[in-house]
Amino acid sequence: MATGWKSLLSRVVSTVVREATRPTTSAPRRPRAEQAPPARRNPLPPAGAPRQNPGAGDFAGRGEISYTPRDDGRPDPGEIVWAWVPFEEGDGRGKDRPVLVVGRSGTDLLGLMLTSKDHDRDAADEARHGRVWVDIGTGAWDRQGRPSEVRVDRVLRVDPADVRREGAVLDRRRFDQVAAEARRVLGW
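Every chain is numbered independently, its residues counted from 1 as its sequence is written. Where local features are concerned, this predicted model is filtered to residues with pLDDT of at least 70; where side-chain atom pairs are given and counted, the filter is 80 or more; whole-chain, interface and lining totals use all residues. Here the side-chain values reflect all heavy atoms present in the structure, with hydrogen atoms and water set aside.

(A) Layout of the pairing of strand β3 (residues 94-105). Pairing between strands is defined by DSSP: at least two bridges between the two strands are required. Runs of E in the DSSP output that reach at least two residues are strands. Runs of H or I that reach at least four are helices, and both are numbered from the N terminus. With seven bridges joining them, strand β2 (residues 79-86) and β3 adopt antiparallel strand pairing. Following the sheet pairing, Trp82 is matched in β3 by Pro98. Summarising the sheet, β3 and strand β4 (residues 108-115) pair through six bridges and their orientation is antiparallel. Across the sheet, residue Leu100 finds its bridge partner in β4, namely Leu112.

Next up, the structure:
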């Protein structure tokens, strides 16, 4: 009986090793309209993972807010784009998230991060930490259609080459609401 188990175990191990080392075959090609988007030029680490050269960082200085979205495939003020945003701890960790581009500093973009978390529920705690959020509702930047908020007290500097994709143009009315609150909070 022990020989039977050994034989069975040997066959299982052989099958597992063979399957694990077998070259994978590529999936059948989908028609052009169904193809997945091309791979990112700068693939992102998982959320929270450290990065050697973060694609965004905090901007210190006085910036100019402008609204100049253009349908040219490049990120412009007034557009919501996706980029790597470092956590405030400054330890190299962060996550890919939507960012409202509000201006430029040289060749870099100035942006404000978005979240789908509702900070109205913890407004007192957020205010105690100096964080200020503006509700902007829903838009094409969130595929799940969740309402979003923009953080106006923290300005990010983003290299345009580190933008992963454009999400949407924020309409002028909502942009102006965000800009007014950002100017008030930042003293611009």
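(B) Main features of the packing of aromatic side chains. We call Phe, Tyr and Trp rings a pair once their centres come within 6.5 Å, taking the six-membered ring for Trp, and we label the pair stacked below 30 degrees between planes, edge-to-face above 60, and tilted otherwise. Going through the model one piece at a time under the given rule, you end up with two aromatic pairs. For the ring pair Phe59 and Trp188, a centre distance of 6.2 Å and an interplane angle of 90° mean the geometry is edge-to-face. Placement of Phe59 in the loop between β1 (56-58) and β2 and of Trp188 in the segment after α3 (172-186) is noted, with a sequence separation of 129 residues between them. Owing to a relative accessible area of 17%, Trp188 belongs among the buried residues under this scheme. Each ring, one from Tyr67 and one from Phe175, has its centre 4.9 Å from the other, and the planes form 55°; the classification is tilted. Of the two residues, Tyr67 is situated in the loop between β1 and β2 and Phe175 in helix α3; the sequence distance between them amounts to 108 residues. Its relative accessible area of 2% is what places Phe175 among the buried residues. Throughout this description, buried means an accessible area under 20% of the type-specific maximum (1.4 Å probe, protein chains only), exposed means over 50%, and partly exposed covers the range between.

(C) Quick peek at the nonpolar core. By size, the foremost hydrophobic cluster in this structure holds 21 residues, and its most contacted members are Leu100, Leu112, Ile136 and Val178. Secondary-structure elements contributing two or more residues to this core are β3, β4, β5 (133-137) and α3. Residue contributions to this core peak at four residues, all from α3. Setting aside residues up to four positions removed in sequence, Leu100 forms contacts with Gly78, Glu79, Ile80, Leu110, Gly111, Leu112, Leu114, Leu170, Phe175 and Val178. Grouped together as the second largest cluster of nonpolar side chains are eleven residues, Val101, Met113, Leu156 and Val158 included. Among the buried residues, those of types Ala, Val, Leu, Ile, Met, Phe, Trp, Tyr and Cys that are joined through side-chain atoms within 4.5 Å form a nonpolar core. Residue contacts follow a heavy-atom distance rule, with two residues in contact if any of their heavy atoms lie within 4.5 Å.

(D) Quick look at α3. For α3, built from 15 residues, the straight-helix expectation of 21 Å at 1.5 Å per residue is met to within 8% by its first-to-last C-alpha distance of 20 Å. Among the residues of α3, those classed as buried are Arg174, Phe175, Val178, Ala179 and Ala182. The buried residues of α3 occupy an angular sector of 135° when the element is viewed end-on, so they sit on one face. Those residues of α3 that are exposed and angled more than 90 degrees off the buried face are Arg173 and Arg184. Packing partners of the buried residues in α3 comprise β3, β4, β5 and β6 (148-151). In a helix, the anticipated span is given by 1.5 Å times the number of residues less one. Throughout, the arc means the angular range of directions from the helix axis out to the C-beta atoms.

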